[in-house]
Amino acid sequence: MLQTIESLKDLQGKKVLVRVDFNVPQKGGVIRDDNRIRAALPTINYLTGKGAKVILMSHLGKIKWKEPDPAKIEEMKKANDMACVATRLGELVTTKVHFCPATHGEELAKAVADLKDGEILLMQNTRYEKGEEKNNPDLAKEWASLADVYVLDAFGSAHRAHASTVGVPTILKQEGKPVAEGYLMVKEVDNLTRCVEVASSDRPYVAILGGFKVSDKIKVIDSLLKKCDKIIIGGAMAYTFKKAMGEAIGHSPCEEDQLDYAKKCLEEAHGRILLPVDSIVTDSFEPTETRTIKECEGGIPDGFQGVDIGPKTRELYKKAILEAKMVFWNGPMGVFEQKEFQAGTLAICEAIRELKGQAFTVCGGGDSASAVKQFGYKDDFSHVSTGGGASLEMIENDGHLPGVDVLR
Ligand code: AMP
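From a predicted model like this one, the values you see are computed outputs, not experimental measurements. For every chain, the first residue of the written sequence is number 1, and numbering continues from 1 onward in sequence order. Selection of residues for local features in this predicted model requires a pLDDT of at least 70, selection of side-chain atom pairs for listing and counting requires 80 or more, and totals for whole chains, interfaces and linings are taken over all residues. Side-chain numbers come from the whole structure's heavy atoms, not from hydrogens or water.

## Digging into unusual backbone geometry
A cis amide bond links arginine 203 to the next residue, proline 204, at an omega of 0°. Strands here mean DSSP runs of E at least two residues long; helices mean DSSP runs of H or I at least four residues long; both are numbered from the N terminus. Topologically, proline 204 is positioned in the loop between helix H7 (183-197) and strand E9 (205-209). Even without a glycine there, the phi angle at aspartate 10 is positive, about 50°. With a phi close to 50°, asparagine 135 is a non-glycine residue in the positive phi region. As for its placement among the helices and strands, asparagine 135 is situated in the loop between strand E6 (120-123) and helix H5 (137-144).

## Some points on empty space enclosed by the protein
The pocket and cavity definitions rest on a 1 Å grid over protein atoms only: a 1.4 Å probe that fits but cannot leave marks a cavity, an open set with protein on both sides within 12 Å along at least five of seven lines marks a pocket, and residues lining either have an atom within 4 Å of a point. Grid points are joined across faces, edges and corners, and a volume is the space filled by probe spheres set on the points. Summed over the entire model, instances satisfying the criterion amount to one cavity of 30 Å³ or more. Estimates place the volume of the largest cavity at around 40 Å³. If you go around the largest cavity, the residues you meet are Tyr239, Lys242, Ala248, Ile249, Pro276, Val277, Asp278, Ser279, Gly298 and Ile300. Residue assignment for the lining of the largest cavity shows that the elements contributing at least two residues are helix H9 (237-244) and strand E12 (278-282). Throughout this entry, Asp, Glu, Lys and Arg are counted as charged residues, while Ala, Val, Leu, Ile, Met, Phe, Trp, Tyr, Cys and Pro are counted as nonpolar. The remaining residues, Gly among them, count as polar. For the lining of the largest cavity, the class distribution of residues is six nonpolar, two polar and two charged.

## With respect to the site of the ligand
The local shell around the ligand holds 15 residues, among which Phe212, Ala236, Gly306, Glu337 and Asp367 are the closest. Note that a nitrogen atom of the ligand is positioned 2.9 Å from one of the backbone N or O atoms of glycine 306. One nitrogen or oxygen atom from the side chain of glutamate 337 is found 2.5 Å from an oxygen atom belonging to the ligand. Coverage of the ligand by the protein amounts to 82% of the 500 Å² it exposes when considered alone. Looking at the shell around the ligand, its residues break down into eight nonpolar, four polar and three charged. Residue proximity to a molecule or strand is established when one non-hydrogen atom of the residue lies within 4 Å of it. Here a polar contact means two N or O atoms within 3.5 Å. Within protein one must be a hydrogen donor candidate and the other an acceptor candidate, and residues neighboring in sequence count only if both atoms are side-chain atoms. Per-residue accessibility takes into account occlusion by the displayed protein chains alone, with areas from the Shrake-Rupley method and a 1.4 Å probe.

## Thoughts on the packing of H5 against helix H6 (residues 163-174)
The contact between H5 and H6 brings their axes to 8 Å, and the two run at 65°. In this view, H5 runs roughly perpendicular relative to H6, as classed from their interaxial angle. The chirality of how H5 crosses H6 is right-handed. Counted together, Pro137, Leu139, Ala140, Lys141, Trp143 and Ala144 of H5 and Ala163, Ser164, Gly167, Val168, Ile171 and Leu172 of H6 form the full contact between these two elements. Tallied by class, residues from the contact of H5 with H6 come to nine nonpolar, two polar and one charged. Helix axes use the C-alpha atoms of the stretch in contact, all axes being lines fitted to C-alpha atoms, and the angles between their N-to-C directions lie in the range 0 to 180 degrees. Here roughly perpendicular refers to angles of 65 to 115 degrees, roughly parallel to angles under 35, roughly antiparallel to angles over 145, and oblique to all remaining angles. Should the near helix be turned anticlockwise from the far one by less than a right angle, the crossing is termed left-handed; should it be turned clockwise, right-handed. Contacts are residue-level and defined by heavy atoms, with any inter-residue pair within 4.5 Å sufficient.

## A word on the sheet that holds strand E7 (residues 149-152)
Ordered in space as E5-E6-E4-E1-E7-E8, the six strands form an open sheet in which the pairing is parallel. Each edge of the open sheet is held by one strand with a lone partner, namely strand E5 (97-100) and strand E8 (179-181). Across this sheet, the average inter-strand angle for adjacent strands is 25°, counted without regard to direction. Together, strand E4 (53-57), E5 and E6 form the strand contacts of helix H3 (residues 83-92), whose direction differs from that of E5 by roughly 175°. DSSP calls a pair of strands paired once it identifies at least 2 bridges connecting them.

## Examining the pairing of E9
Across the five residues of E9, five count as buried, placing the element largely inside the fold. The buried label goes to any residue with under 20% of its type's maximum accessible area, the exposed label to any with over 50%, and the partly exposed label to all in between, with areas taken from a 1.4 Å probe on protein chains only. The alternating pattern of E9 places Tyr205, Ala207 and Leu209 on one face and Val206 and Ile208 on the opposite face, and all of these are buried. With five bridges connecting them, E9 and strand E15 (residues 326-330) associate as parallel partners. Looking at E15, one finds that tyrosine 205 is bridged to methionine 326. Note that E9 and strand E10 (residues 230-233) share four bridges and pair parallel. Across the sheet, residue valine 206 finds its bridge partner in E10, namely lysine 230. Seen with the strands pointing away from the viewer, any crossover whose path from the first strand over the helix to the second strand runs clockwise is right-handed. Running through helix H8 (residues 218-227), the crossover from E9 to the neighbouring parallel element E10 is right-handed.

Here you go:
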């Protein structure tokens, strides 16, 4: 059963441990995009407003624990220090934000004990602990001992069964302590569940898949083939499908070991999969002045690779999208990082803008969400997810995520 933070009673003075997703893009402590911090503010402000002592934990970046050189581990830790996030959070809320550089032990326990009602403590990066990603029971026990209540608001991490997302709430539940979902979590799960459960009023349901690899999205394609009326495919992954149909793809990226899978999908889809009928191709991926970029219909000649969908495909895809009552999109249509190859991804954004108010439209995080924000179309979508991996996994697993399953 879903328990929201609003159903939590008597929060005054309670220690509420909130797992947030503050995995923001940053370098040297300079945050490029604070969207993920902002996305957690409704939950944080609600809890501090009720007089709770709010203990925040999140991961930031990656620490490769397999690295044998301890000095390199220290470098990775330094590169993913959470202190900059505490500073930014402090600018976004009206209450006091403390930062604890420790992730366990007396220093952390003392920081929690010193916290006053309505204040916030952000703990150092959860991944400073080797046991976090392994869901180490001792670590989960220590973190759980800090809290009276647990709240999950880290949608972007809810597909990972780590100590902070699954271990801690499991222990607190066993101890009979309340666990709940924050506002962001509820919003994300509700919107993505709609893309999984598919009411008849949400048909036609059109999925748009792009990005690099077919192999990364096999389970998503399988799931969407069962649910969708049409699947639009673009990006590099389209060329594996094109080759499976026997078309020449030049030097476009192709996963040879996925050709049989692509063929099987096309057969099962009975015409519901749309593939590019033309492409923007180039003889060099590198942005050199002398490279040749051209439109190409049908097969792609040797020496050239497809880097975006072409103008006819843009029209074809736009038409299919405009007929939809629900759209789920994950993955760019081309190499949108280069201006010359943005048109395909932009055309999808434009189609969604035209659909505004007439259909339920979801952008499932990751690179497509970056493109949507970069191009200024965020407000045209019903929902832009903060979690790429998590939203794909919700689609793959029929609405289930480890972090959500523990709580509900
Ligand atoms: P993914 O992480 O699988 O969603 O892939 C996103 C990446 O795919 C982006 O960095 C795009 O630049 C890249 N991409 C999309 N289309 C192509 C293409 N036709 N050729 C090479 N890379 C592409």
